[in-house]
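# Understanding the architecture of this molecule
Below, each chain spelled out in residue letters.
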Amino acid sequence: MGSHELYYYISPKISSFSSSASDDVSDGQSPVAKQFRRPLGPSSSLDPTSLLKLTSECVQPRPALTRWHTVASPHCQTTAVLGTLDAERDSDEEEPHNPPCLHGRLWFSLLYNSEAERLQVTLLKAKYLPGRGLVNAPRDPFVKVFLLPDEENFHQSRIRKRTLAPKFNETFEFNMSADDLPKKTLKLSVYDVDKRKVRHCLGHVIFPLTKGDTMTGEIVWKDLEIAPQAAAALGDVQLCLSCNPYNNRIKATICRLRHLQGLDAQDAVVYVKVQLYHGRKMIKSKRTVPQSASGQELIFDETFSFGVSGRFFDSCSFTFSVVRAGSSPMVRDLVHGQVVIGPFMYARGEQLQHWQEMLANPRNMVTRWHGLEPPKKG
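In short, a report on the structure. Model, not experiment: these values are computed from the prediction. (Residues numbered from 1 in each chain as written. Predicted model: local features only at pLDDT ≥ 70, side-chain atom pairs only at ≥ 80, totals over all residues. Heavy atoms only, no water.)

Bringing the sheet that holds strand β9 (residues 185-193) into the picture now. Judged by pairing direction, the sheet is antiparallel, and its four strands sit side by side in the order β7-β6-β9-β10 without closing on themselves. Lying at the two open borders of the sheet, with one neighbouring strand each, are β7 (150-156) and β10 (199-208). The average angle at which neighbouring strand axes cross in this sheet is 25°, direction not considered. As defined by bridge partners, β9 adjoins β10 across nine bridges and the pair is classed as antiparallel. Along β10, the bridge assignment pairs S189 with H204. (Pairing = 2+ DSSP bridges. Helix = DSSP H or I, 4+ residues; strand = E, 2+ residues; numbered from the N terminus. Axes fitted to C-alpha atoms, helices over the stretch in contact; angles between N-to-C directions.)

Have a look at this one:
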């Protein structure tokens, strides 16, 4: 008998073994089957383990068809979110005819209830506030609401963090009769609180309550204005302050006096007295060398040092009094005018800003002019 060759093939789907005595065993098979057909010698035995020694490409099945699905969350409402943002943006845009402002702009509304005799001041928002420093950094603004001439009683809004366009949406109420309404003036003061908890005034809005058509709740906007220093009727004094929290010292320098008014005699002699107060208690008092008040400007340039602990910087104040010396030891000295510089508990306006600027710049001399005010009685 002649020798016969044995052939086998492996299908991609089912591995099968086939033997035949003729060469036509692969007829009718697929091209893939022909690729894996291998002849075996007549003396070789059929070893199943040898059939598995194939490359990974031969035995790896074809990957199944993967269908990609788009996953949509039922909570994602893109159209609604974008519509809300657009609505807020459109409502916040200003009218094109509004002129630009320099120090910022404030929006508010007034509503007077004649039955309850109550005035409602609604503080809406502020925009275009000047930033801090040269980099125009954001601020922490808030607003104080006054009804002049009363500056002791006021309302204060909440502080908005790190913004130059704060939105307040707060309402404050004042009780007053309709007859007293035209005598009042609304004052809105915008402040900023820095990292040292020092307050800086950014500007004011002065709005007289004489117009009845503005008490219907309509929105009114006004530009912030830096309150100019009123011309002093008694004269001006130039002061220089410096604090050092490391050695617990405050230095006060009386630089000069000018435009002194109300002195009867031409040969009057004046000096400046500096008093340190803690609360209502006077701690220490010092005075300059007396000078003749005949000239238009008096130059002193005298510096006094006071020991003040750093923890008392917010509870002490300085009173600078221009005193007219008596013509003889039997004549009493008279206070011509004075200036109080200290924290918010004791001072307002330019005097308060001078104190805050001194605390914000330790070991630096801060110089400002101040108008003399009539001395307080008692």
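After that view of the structure, there is still more to cover.
On to the environment of A178, then. Tracing the backbone through its elements, the reader meets A178 in the loop between β8 (167-175) and β9. Residue classification places A178 among the partly exposed positions, given a relative accessible area of 45%. With 64 residues separating them in the primary sequence, A178 and S114 have C-alpha atoms 6.8 Å apart. (Buried < 20%, exposed > 50% of the residue type's maximum accessible area, 1.4 Å probe, protein only.)

For the rest of this paragraph, the subject is the packing of aromatic side chains. Considering all chains together, one arrives at seven aromatic pairs under this definition. The interplanar angle of 40° and the centroid separation of 5.2 Å between the aromatic rings of F146 and F154 together place this pair among those described as tilted. Overall, F154 belongs to the partly exposed group, its relative accessible area being 27%. Aromatic pair F318 and F320: ring centres 6.3 Å apart, planes at 25°, arrangement stacked. By relative accessible area, which is 0% here, F318 ends up buried. An aromatic cluster is defined as three or more aromatic residues linked by ring pairs; in this entry it consists of F306, F318, F320 and W355. A cation over an aromatic ring shows up here: K125 above the ring of W107, its NZ or CZ 4.9 Å from the ring centre. The cationic tip of R348 hangs over the ring face of F344; the distance from NZ or CZ to the ring centre is 3.9 Å. (Phe/Tyr/Trp six-rings, centres within 6.5 Å; stacked < 30°, edge-to-face > 60°. Lys NZ or Arg CZ within 6 Å of the ring centre and 35° of its normal.)

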